[in-house]
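Listed below, chain by chain, are the residues.
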Amino acid sequence: MTTAVTRGQLYRDLAPDMKARDRRLRVVEVGSARARLVVEHDLGGQAGKTTHASVIRLASRAFELLEDTVDEDPRYLAVLAAISQVHGPDASPADYARAALNALPTPHA
């Protein structure tokens, strides 16, 4: 069974040269045949880079669906983006927490 490709989903690229890099791609736009993706995680690659993939290929076994979010909460997407900016081999849990906290709006006093 295949899942429809929709905006917000997160996929892992299972291509032999990408699997070890744990390359993860977030769908930001879906057309009739192709989807625009942003690289959120790529050991040895560039996070934040935009790329494209065939919708048919995304729905195939070439990619693993990690997150099928229907959550449109902008805070969720802001936290994901902030965390991807600090991600790296030397990132600590505190770096991730700080990035998440800085991405969230502060409550009014």
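The coordinates are above.
Here we summarise the structure given alongside this text. (Residues numbered from 1 in each chain as written. Predicted model: local features only at pLDDT ≥ 70, side-chain atom pairs only at ≥ 80, totals over all residues. Heavy atoms only, no water.)

### Observations concerning the overall build of the chain
So, point 1. When its secondary structure is counted, the chain shows 4 helices and 5 strands.
So, point 2. Put simply, the chain runs from its N terminus to its C terminus through helices and strands in the order β-α-β-β-β-α-β-α-α.
So, point 3. The buried share of the chain, reckoned over its 109 residues, is 30%.
So, point 4. For the chain, long-range pairs separated by at least 24 residues make up 38% of all intrachain contacts whose partners lie at least 6 apart in sequence. (Helix = DSSP H or I, 4+ residues; strand = E, 2+ residues; numbered from the N terminus. Buried < 20%, exposed > 50% of the residue type's maximum accessible area, 1.4 Å probe, protein only. Contact = heavy atoms within 4.5 Å.)

### Points about the pattern of salt bridges
So, point 1. All told, the structure shown has 10 salt bridges when counted by the stated rule.
So, point 2. For E64, the salt bridge goes to R12, with nearest N and O atoms at 2.8 Å. Of this pair, E64 sits in strand β5 (residues 63–67) while R12 is found in strand β1 (residues 10–13), placing the two residues 52 residues apart along the sequence.
So, point 3. Between R26 and E40 there is a salt bridge, and its shortest N-O distance comes to 2.6 Å. (Salt bridge = Lys/Arg side-chain N within 4 Å of Asp/Glu carboxyl O.)

### What about the environment of G31?
So, point 1. By the secondary structure assignment, G31 is in the loop between β2 (24–30) and β3 (34–41).
So, point 2. Spatially, the C-alpha atom of G31 lies 8.0 Å from that of V55, the residues being 24 residues apart in sequence.

### Quick notes on the side chain of H41
So, point 1. By the secondary structure assignment, H41 is in strand β3.
So, point 2. A distance of 2.7 Å separates a polar side-chain atom of H41 from the backbone oxygen of D22.
So, point 3. Within the structure, H41 has its side chain in polar contact with the side chain of H87 (distance 2.5 Å). (Polar contact = N/O pair within 3.5 Å; in protein donor to acceptor, adjacent residues only side chain to side chain.)

### Describing the sheet that holds strand β4 (residues 50–54)
So, point 1. Pairing is antiparallel across the open sheet formed by 5 strands, whose spatial order is β4-β3-β2-β1-β5. Lying at the two open borders of the sheet, with one neighbouring strand each, are β4 and β5. In this sheet, neighbouring strand axes are inclined to one another by 40° on average, regardless of whether the strands run parallel or antiparallel.
So, point 2. Bridge count for β2 against β3 is 6 bridges, and the pairing is antiparallel. The residue of β3 that forms the bridge with V27 is L37. (Pairing = 2+ DSSP bridges. Axes fitted to C-alpha atoms, helices over the stretch in contact; angles between N-to-C directions.)

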